[in-house]
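Results of the structural survey
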Amino acid sequence: MTSGRQDAARDRGFRQGETPRVHPGLDDARAQSVRDARCDSAQVRFHKQGRRWLYRLLAVAAVAAGVKGAWIPVKAEVAQVLLQNAWGRAQAGAFDVRPWPWADTYPVGRLRSGEHDLIVLAGASGSSLAFGPGHVDGTATPGSFGHVAVAGHRDTHFAFLEHVDGTTEFELEAPDGRRRRYRVARTEVRHARETEVLASTDDRLTLITCYPFDAVQVGGPLRFVVTAEPLDAWAAR
């Protein structure tokens, strides 16, 4: 009689959604298995979502890097067009002609070599070199006798220096129209701390850019230095 009542009570429990504990140890094991399965499923979803977001971030970074890499040479080319216009005004007699209203530099010379035609800016600061080669302060200015030094970026305006040799010639023009030709005497790699390369007062043209030319990281300690000797005196042409 008692057994029948217990069976009936157990049946009512089933109907009310209660789970009978027939074997406590077995129930605990099943419950733990369910929890583990749910945890594993959550971890899988988390890792899948994490990978998707990582892929998205990598894609955005790649696009950003590509746009930035493409913008640098485009900016350099566009700037040279504006600088050529400013150079024309300087040759007409204007002084310190700024290529755009907010510019903190102005053309002081024009450097040609083969197909390369570049406007040289006053100063070799980062803001100047972003738009063109810069005249190094403290050295002779274009149009003067002495040591003229010009710096430029290896991946834009001065990328062609990688291929110069003893037959390469440069023509430097001053704002008053006088020009002077130089020919490469030597090239060398120097450490950025070796500033004695600029200390010389000999009559020459020195061109400086970062090295190596194919470096991935910018701002390395090495510099590629081109020394060119004059072929003639400053003269109108």
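Described in the following lines is the structure provided in the data block. Everything quoted here is computed from the prediction, not taken from an experiment.

**Regarding the overall build of the chain**
Helices and strands together make up the secondary structure of the chain, namely 4 helices and 9 strands. N-terminal to C-terminal, the α/β element order of the chain is α-α-β-β-α-β-β-β-β-α-β-β-β. A buried classification covers 33% of the 237 residues belonging to the chain. If you take every contact in the chain between residues at least 6 apart in sequence, the share linking residues at least 24 apart comes to 57%. By element, 57% of the accessible surface of the chain is carried by carbon and sulfur atoms, the whole surface being about 14,500 Å².

**Things to note about a nonpolar patch on the surface**
Taken together, V189, Y211 and L222 make up a surface patch of nonpolar side chains, about 210 Å² in accessible area. Mapped onto the elements of the fold, L222 is located in strand β8 (residues 222-230).

**Considerations on the side chain of H147**
Take H147: it is sitting in strand β4 (residues 147-151). Among the polar contacts listed, one links the side chain of H147 to the side chain of T206, at a separation of 2.6 Å. With residues up to four places along the chain from it excluded, the contact list for H147 reads T139, A140, V197, L198, S200, T201, D202, R204 and T206.

**Structural notes on the environment of T227**
Following the sequence through the fold, T227 ends up in strand β8. Expressed as a C-alpha distance, the spacing of T227 and V184, which sit 43 residues apart in the sequence, is 5.9 Å. Beyond its immediate sequence surroundings of up to four residues, T227 is in contact with R183, V184, A185, R186, E188, R204 and L205.

**Here's the deal with the pairing of β4**
As a general feature of sheets, a regular strand has side chains that alternate between the two faces. With 5 of its 5 residues buried, β4 lies for the most part within the structure. With 2 bridges joining them, strand β3 (residues 134-135) and β4 adopt antiparallel strand pairing. Bridge pairing in β4 links H135 to V150. Note that β4 and strand β7 (residues 204-211) share 5 bridges and pair parallel. Bridging across to β7, A149 finds its partner in T206.

**Re the pattern of salt bridges**
Summed over all chains, the structure comprises 16 salt bridges. When the shortest N-O distance is used, the salt bridge between R180 and D203 registers 2.5 Å. Of this pair, R180 sits in strand β6 (residues 178-191) while D203 sits in the loop between α4 (196-199) and β7, and the two are 23 residues apart along the sequence. A residue is classified by how much of its surface remains accessible, and R180, at 4% relative accessible area, is buried. Using a relative accessible area of 26% as the deciding quantity, one classes D203 as partly exposed. The network of salt bridges with common partners includes R110, R112, D117, E171, E173 and R179.

**Description of the layout of surface pockets**
Considering only enclosed or pocket space, the second largest pocket measures out at about 270 Å³ in volume. Lining of the second largest pocket is provided by 18 residues; of these, A151, A192, L198, I208 and R223 occupy positions nearest its centre. Secondary structure elements with two or more residues in the lining of the second largest pocket: β6, α4, β7 and β8.

How each quantity is defined
- Residues numbered from 1 in each chain as written.
- Predicted model: local features only at pLDDT ≥ 70, side-chain atom pairs only at ≥ 80, totals over all residues.
- Heavy atoms only, no water.
- Helix = DSSP H or I, 4+ residues; strand = E, 2+ residues; numbered from the N terminus.
- Buried < 20%, exposed > 50% of the residue type's maximum accessible area, 1.4 Å probe, protein only.
- Contact = heavy atoms within 4.5 Å.
- Areas by Shrake-Rupley, 256 points an atom, 1.4 Å probe, with all protein chains shown as cover.
- Patch = residues over 30% accessible without salt bridge, like charges linked within 9 Å, V, L, I, M, F, W, Y side chains within 5 Å.
- Salt bridge = Lys/Arg side-chain N within 4 Å of Asp/Glu carboxyl O.
- Polar contact = N/O pair within 3.5 Å; in protein donor to acceptor, adjacent residues only side chain to side chain.
- Pairing = 2+ DSSP bridges.
- 1 Å grid on protein atoms, 1.4 Å probe; cavity = no way out; pocket = protein on both sides within 12 Å on 5 of 7 lines; lining within 4 Å.
- Points joined across faces, edges and corners; volume = space filled by probe spheres on them.

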